[in-house]
There are 2 protein chains.
Amino acid sequence: MSDLDRALAAADVGQGESLERLFALLKIPSVSTDPAYKTGCREAADWLKRDLAALGFSAALRETPGHPVVLATRPKPGAPHVLFYGHYDVQPVDPLDKWETPPFEPRLATLKDGRQAVVARGASDDKGQVITFVEACRAWIAASGDLPVGVTVLLEGEEECGSINLPAFLEEAKSELGADVALVCDTAMWAAGRPAITSSLRGLVYEEITVRAADRDLHSGLYGGAARNPLHVAADIVAGLHDADGRVTLPGFYDGVIETPDDVREQWRALGLDADAFLKPIGLSEPAGERDRMIIEQIQSRPTCDVNGLWGGYTGAGAKTVIPAEAHAKISFRLVGDQDPAKVKQAFRAYARSRLPADCEIAFEGHKGSRAIQLPFDSPALAKARTALADEWGVEAVTIGSGGSIPVVGDFKRLLGLDTLLIGFALDDDRIHSPNEKYDLDSFRRGTRSWVRILAALAG
Amino acid sequence: MSDLDRALAAADVGQGESLERLFALLKIPSVSTDPAYKTGCREAADWLKRDLAALGFSAALRETPGHPVVLATRPKPGAPHVLFYGHYDVQPVDPLDKWETPPFEPRLATLKDGRQAVVARGASDDKGQVITFVEACRAWIAASGDLPVGVTVLLEGEEECGSINLPAFLEEAKSELGADVALVCDTAMWAAGRPAITSSLRGLVYEEITVRAADRDLHSGLYGGAARNPLHVAADIVAGLHDADGRVTLPGFYDGVIETPDDVREQWRALGLDADAFLKPIGLSEPAGERDRMIIEQIQSRPTCDVNGLWGGYTGAGAKTVIPAEAHAKISFRLVGDQDPAKVKQAFRAYARSRLPADCEIAFEGHKGSRAIQLPFDSPALAKARTALADEWGVEAVTIGSGGSIPVVGDFKRLLGLDTLLIGFALDDDRIHSPNEKYDLDSFRRGTRSWVRILAALAG
């Protein structure tokens, strides 16, 4: 029996306890964007620090102006070194009433098609994925007393609220973060049973606007017809962001977008991701994006704009005849290719101002933006990971783009000079960011085994 | 000293205690639209019943499927009889953080220009106004042991949530509601020191919509570009309700709107209600309604549309990249002339459906609608009230239209055959429906004295 086989066996034997540890972490409510959960974030960080220390890592909480970073290292002189990144923070849980069971009380559920899954906020994004890597390390240590490579684990607490303090931390801790390659476990498989390595990521611009008109809320009976209603103004700004063909209307928005080569488009077409496959599982039937684009383009290689929140006036039960003083919207843009986040932000702000009628003011709050990322296809580490994944899953890994944004990948390249392998075991039906988030037990078990294999492969 | 002078003197002498009673009523949180305040509503009704019973009224709470009606009668055989209407329920208090002091802890404040005012939710709308009438009755009884006319007091608890149960109650209690004229105290003066009698009221159609797309909230990174966003759809529906000239776009919306005669428009013009006078006090400068209409038309004689609430997606602190499953809006229309509420509702629903893209559903919830009201200018009761108001304020009362909707006035005509005198002492700067609602002490004091005079005038 090889060291690898022994480590895989240890992962299998330890699966029950691995799951218990995941449940313990999922019980800690670490919603980073909401100040009410500050204590929960620190508690989750502390739990991970202690768990990594128990595995022989030199582990510590490192303070930032926001939530702390967990930094843990287990060097192995003479062997390659990997920097693993994940995040312990989770998305808010609203709407809470749509959860079948409380979001921070993890449970094992059997899905309609017989799959078993862990249900809880963060089960997939990203606590479940983080724990696949930690448990892989544990299996190696249990089986052979050591890891095949040196490992540094960096777990962030602000991924879900813009990673605002991470770049400064990376610069500050640069000397401790030396590695040959970075590993990130925060992405999805192509489909159940079909692993994927993500080679491109969309960038992000996130803006919050507040439109103000009168200096107070007004009675629509007394003032309606004469007083400006900021809700109408916000709705007009939102409604004008797309044209009838689904394209974003901001001047210059498509500058820097790179057309996908025809041969790549053909490969994508062969994957057969049509409306039935992609939209039907979420109750939709027609792609809503740019006309004449395949769905896979709409979600991976084309830039987009979505309103993520819109609110103002009376939102309670019953009727209230108010003209509110303020209206609010959260609006985000996904970027691709060489689109410049700063220019998109400028174009959006100029556009919004251009639609303001008399007596209205607009205030902008910008969250951290990021450029899109394209990873090299030809690195040796990528080839080793592909082999390891094929060994575990019995099928070639797909190399795909992701519609999401993981700014840390750009930061690793820019600040640490590191390329990143994005390998994750989430599935599209994991309901991440939604009620009843889940992580397949199979993702958890074989994800752990995949990391056991990848760690061995990267040592060679 | 005449009976009238004695009653006026009694009102003046009792002013301190009158104010104490108003404060006691204002302390009771009777928000009718929010089920959380059900007990508060009943408590306010009970307080008023007991107070009227103490004045020798035969008073009772009358149950409805919603909040109870207070009905109290003090007959005077051989004398004219009046039916007084007011409401004890109040608007919700949100946004609570904009209140300088808690909304249900009434206080006396000195305004910047030296005026004194009672500050609390309901101070003006409508508890303060109701109490002016009750205290006028008390003054008459204190001064002469009796009222000049027979009085029935009907106080509703659902005015702020559509008066949904009132028409059925009026029909049921019809035999107890006989009177020569109805009095309603829920309107404003023309300006501080200048009393008004309101002779027209706009009608109301209030609709709530829910737009649904996917069957769950989605991650905008994974689905953005392909999945329909219901917030965009709701914004498009709202943004399309007005054209560039400020007119409402619904087909047939202006059917039944009656042009104000030129001579009346000239009289209105002479009142000098320009943007400086009307909009500047609320921080605005340009009328936002139909182009080429005077402000007084925009708020009194022209129909309007306002979005009173709009919400969906993530509205908390920070950034969340969600495509929500639902978006919501509350949309109301103010009607004039012969506009038909049922047709406006139909036109709105057809319009909203016509703007739905693929995969979207829309649900409508209609609140009670009402037609606009025009009262006769030539009734003897109106002439008597005008004289009484002139005696109290030393200046002629203005006969104006109101932009608001008071459906009970139409119900009184239709169900009881009664004309209504709408006389109130609120001011435009009372912040009704807004934080820091207030009622001038002068409105309270001279409003009470006005009713003392009007009761005497109506006896003649």
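Fair warning: this is a prediction, and the values are worked out from it, not measured in the lab. (Residues numbered from 1 in each chain as written. Chains lettered and ligands numbered in written order. Predicted model: local features only at pLDDT ≥ 70, side-chain atom pairs only at ≥ 80, totals over all residues. Heavy atoms only, no water.)

### What about the domain arrangement of chain A?
Residue and element names in this part refer to chain A.
At step 1: Domains assigned within chain A are domain 1 (3-201 + 372-459) and domain 2 (203-257 + 303-366).
At step 2: Computed from C-alpha coordinates alone, the two centres of domain 1 and domain 2 are separated by 35 Å.
At step 3: Contacts between domain 1 and domain 2 engage five residues on the former and six residues on the latter.
At step 4: Of the roughly 360 Å² buried where domain 1 meets domain 2, counting both sides, 45% is carbon and sulfur surface.
At step 5: On the domain 1 side of the interface with domain 2, the three residues burying the most area are Ala372, Gly403 and Ser405, jointly 90% of the side's total.
At step 6: For the pair domain 1 and domain 2, the interface holds zero salt bridges.
At step 7: Here domain 1 and domain 2 share zero residue pairs in polar contact (both at pLDDT 80 or more) between them.
At step 8: Tallied by class, residues from the side of domain 1 that touches domain 2 come to two nonpolar, three polar and no charged. (Domains from an automatic or database assignment. Contact = heavy atoms within 4.5 Å. Buried area = accessible area lost by both parts, 1.4 Å probe. Salt bridge = Lys/Arg side-chain N within 4 Å of Asp/Glu carboxyl O. Polar contact = N/O pair within 3.5 Å; in protein donor to acceptor, adjacent residues only side chain to side chain. Nonpolar A, V, L, I, M, F, W, Y, C, P; charged D, E, K, R; others polar.)

### Focus on the sheet that holds strand 4 (residues 107-110) of chain B
Residues and elements named next belong to chain B.
At step 1: With respect to topology, three strands assemble into an open sheet ordered 4-5-18, the strand pairing being antiparallel. The outermost strands of the open sheet, each flanked by one partner alone, are strand 4 and strand 18 (438-440). Each strand of the sheet is rotated relative to its neighbour by a mean of 35 degrees, with strand direction disregarded.
At step 2: For strand 5 (residues 116-119) and strand 18, the ladder comprises three bridges, and the chain directions are antiparallel. Each bridged residue has a counterpart across the sheet, and for Ala117 the counterpart in strand 18 is Asp440.
At step 3: Sheet contacts for helix 2 (residues 15-26): strand 4 and strand 5; angle to strand 5, the most-contacted strand, approximately 30 degrees. (Pairing = 2+ DSSP bridges. Helix = DSSP H or I, 4+ residues; strand = E, 2+ residues; numbered from the N terminus. Axes fitted to C-alpha atoms, helices over the stretch in contact; angles between N-to-C directions.)

### Things to note about the pattern of salt bridges
All names here are of chain A.
At step 1: Enumeration according to the criterion identifies 82 salt bridges over all chains in this entry.
At step 2: Among the ionic pairs, Glu437 bridges to Arg121, the shortest N-O distance being 2.7 Å. Here Arg121 lies in the loop between strand 5 (116-119) and helix 4 (127-144) and Glu437 lies in the loop between strand 17 (420-423) and strand 18 (438-440), a separation of 316 residues in the sequence.
At step 3: Residue Arg121 is classed as buried on the basis of its relative accessible area, which comes to 1%.
At step 4: When salt bridges with common partners are traced through the structure, they connect Asp12, Glu392, Asp442, Arg445, Arg446, Arg449 and Arg453 into a single cluster. (Buried < 20%, exposed > 50% of the residue type's maximum accessible area, 1.4 Å probe, protein only.)

### Quick word on the sheet that holds strand 9 (residues 203-212) of chain A
At step 1: If you walk across this open sheet you meet the eight strands as 14(A)-9(A)-13(A)-11(A)-11(B)-13(B)-9(B)-14(B), and the pairing is antiparallel. The open sheet has two edge strands, strand 14 (361-366) of chain A together with strand 14 (361-366) of chain B, and neither has a second partner. Within the sheet, the average angular offset between the axes of one strand and its neighbour, ignoring direction, is 25 degrees.
At step 2: Relative to strand 13 (residues 326-335) of chain A, strand 9 of chain A is paired through ten bridges, and the arrangement is antiparallel. Of the residues in strand 13 of chain A, the one forming a bridge with Arg212 of chain A is Glu326 of chain A.
At step 3: Contacts from helix 7 (residues 230-239) of chain B reach strand 11 (304-313) of chain A together with strand 9 (203-212), strand 11 (304-313), strand 13 (326-335) and strand 14 of chain B, with the element oriented near 60 degrees to strand 11 of chain A.

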